[in-house]
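# A look at the structure
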Amino acid sequence: MKKKSSIAWYVAIFIILSAVAITAYVFVSKKNMAPDVTFTDLNGKQHSLQALRGKVVMVNFWATSCGTCIHEMPKMVELYQKYHGRGLEFVAVAMSYDPPNYVVNYVETRKLPFKVVFDGKGQLAQSFGDVKLTPTTFVIDKDGAVLKRYVGQIEWQALQGLLDKELAT
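Okay, so let's go over this structure.

Definitions and cut-offs
Residues numbered from 1 in each chain as written. Predicted model: local features only at pLDDT ≥ 70, side-chain atom pairs only at ≥ 80, totals over all residues. Heavy atoms only, no water. Helix = DSSP H or I, 4+ residues; strand = E, 2+ residues; numbered from the N terminus. Buried < 20%, exposed > 50% of the residue type's maximum accessible area, 1.4 Å probe, protein only. Polar contact = N/O pair within 3.5 Å; in protein donor to acceptor, adjacent residues only side chain to side chain. Contact = heavy atoms within 4.5 Å. 1 Å grid on protein atoms, 1.4 Å probe; cavity = no way out; pocket = protein on both sides within 12 Å on 5 of 7 lines; lining within 4 Å. Points joined across faces, edges and corners; volume = space filled by probe spheres on them. Nonpolar A, V, L, I, M, F, W, Y, C, P; charged D, E, K, R; others polar. Phe/Tyr/Trp six-rings, centres within 6.5 Å; stacked < 30°, edge-to-face > 60°. Lys NZ or Arg CZ within 6 Å of the ring centre and 35° of its normal. Expected span 1.5 Å × (residues − 1).

Attention now moves to the side chain of Thr137. Mapping Thr137 onto the fold places it in strand β6 (residues 136–140). Among the residues examined, Thr137 registers a relative accessible area of 0% and is labelled buried. Within polar-contact distance, the side chain of Thr137 engages the side chain of Asn60 at 2.7 Å. Beyond its immediate sequence surroundings of up to four residues, Thr137 is in contact with Met58, Val59, Asn60, Glu72, Met76, Lys148, Arg149, Tyr150 and Ile154.

Of note, Ile70 is situated in helix α2 (residues 67–83). Excluding residues that lie within four positions of it along the chain, Ile70 makes contacts with Trp62, Ala63, Thr64 and Tyr106.

Let us now look at empty space enclosed by the protein. As enumerated under the stated definition, the model contains two cavities of 30 Å³ or more in all. When its volume is computed, the largest cavity comes out at roughly 80 Å³. Around the largest cavity, the lining residues are Ala34, Pro35, Asp36, Leu49, Gln50, Leu52, Arg53, Lys55, Val57, Ile140, Asp141 and Gly144. When the residues that make up the lining of the largest cavity are grouped by side-chain class, the tally is six nonpolar, two polar and four charged.

This model, assessed by the stated rule, comprises six aromatic pairs. Measuring from centroid to centroid gives 4.2 Å for Phe90 and Phe114, while their planes differ by 45°, and the two rings are tilted. Of this pair, Phe90 sits in strand β4 (residues 88–94) while Phe114 sits in the loop between α3 (100–110) and β5 (115–118), placing them 24 residues apart in sequence. Per residue, the accessibility class of Phe90 equals that of Phe114, and both read buried. Here the aromatic residues Phe61, Phe128 and Phe138 are joined through ring pairs into a cluster of three or more. The ring of Tyr150 carries the charged tip of Lys148 above its face, separated from the ring centre by 5.3 Å.

Here helix α5 (residues 156–168) is 13 residues long and its end C-alpha atoms lie 18 Å apart, about the 18 Å a rise of 1.5 Å per residue gives. Of the surrounding secondary structure, the elements contacted by the buried residues of α5 are β3 (56–62), α2, β4, β6 and β7 (146–151).

Our next topic: the side chain of Thr136. Summarising the element assignment, Thr136 is placed in strand β6. A residue is classified by how much of its surface remains accessible, and Thr136, at 0% relative accessible area, is buried. Within the local environment of Thr136, its side chain forms a polar contact with the backbone oxygen of Leu133, the two atoms lying 2.5 Å apart. For Thr136, the residues in contact, after removing those within four places along its chain, are Val59, Asn60, Phe61, Val131, Arg149, Tyr150 and Val151.

Here is the structure:
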């Protein structure tokens, strides 16, 4: 009798471990991965999100006509300056409806230190789930998974906590 109960115990442990492994696999495989997009910045240099793996990346969809975007842009610059040396990359994506000359003027007069892209055909916005509202900001981890999506004004303290945590690893 004892042998049968120990076999049943091993079978039960095997089933439990298998269930845990399957659950972990499903969880990991369902990570919300950022799209593998390529873009050209305002300086004509081509980049891809794939090439930025290993860094934490913020992708901010904005427009010069968006009051909240303009209000938060100096904070984005401060954030970039604070965390860039620790591995943060930042891509500001100007929406397709934004006049290109407004975008260029804003970037030049504010001396934005990060990559700025004009999404003339709306392909980047489409790739990120058809972004329509600005500002919309994505925080992407070092493996390319979307950690957080902010629509509208950012919760700055929570964002800094998230960046501190992600950049510490």
